[in-house]
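# Observations on chain architecture
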Amino acid sequence: MPDAFSRVIAFLAVVMALLFAGIHFHQGHIIATLYFMTGAILVTAVTHLNVRRGLI
């Protein structure tokens, strides 16, 4: 159960980062958009590595 919960939390973190990136993109804030897009990519990469190692 904790493994599934960790995956859901990681998924929600990526979704929220992409949502905030989209909001800031439409407002014209390029730096904030890049910040949230980078965050989404990093969370996805870390989660993928943890799943491959069997930590999640």
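Calculation rules
- Residues numbered from 1 in each chain as written.
- Predicted model: local features only at pLDDT ≥ 70, side-chain atom pairs only at ≥ 80, totals over all residues.
- Heavy atoms only, no water.
- Helix = DSSP H or I, 4+ residues; strand = E, 2+ residues; numbered from the N terminus.
- Buried < 20%, exposed > 50% of the residue type's maximum accessible area, 1.4 Å probe, protein only.
- UniProt positions renumbered as here; feature names shortened; annotations may be inferred.
- Phe/Tyr/Trp six-rings, centres within 6.5 Å; stacked < 30°, edge-to-face > 60°.

Attention now moves to the environment of Ile23. Examined against the element boundaries, Ile23 turns out to sit in helix H1 (residues 2-27). A relative accessible area of 38% means that Ile23 is categorised as partly exposed.

As annotated by UniProt and renumbered to match this structure, "transmembrane region" (unreviewed entry) occupies residues 7-25 and 31-51. A helix fraction of 100% and a strand fraction of 0% characterise residues 7-25, whose end C-alpha atoms lie 27 Å from each other. With 100% helix and 0% strand, residues 31-51 has its two end C-alpha atoms placed 30 Å apart.

It is worth spelling out the packing of aromatic side chains at this point. Across all of its chains, the model carries two aromatic pairs by this definition. Seen in terms of ring centroids, Phe20 and Phe36 are 5.4 Å apart; in terms of plane orientation they differ by 40°. Their pairing is tilted. Of this pair, Phe20 sits in helix H1 while Phe36 sits in helix H2 (residues 30-53), and the two are 16 residues apart along the sequence. The exposure class assigned to Phe20 is partly exposed, which follows from its relative accessible area of 34%. An aromatic cluster is built from Phe20, Tyr35 and Phe36, whose rings are joined through pairwise contacts.

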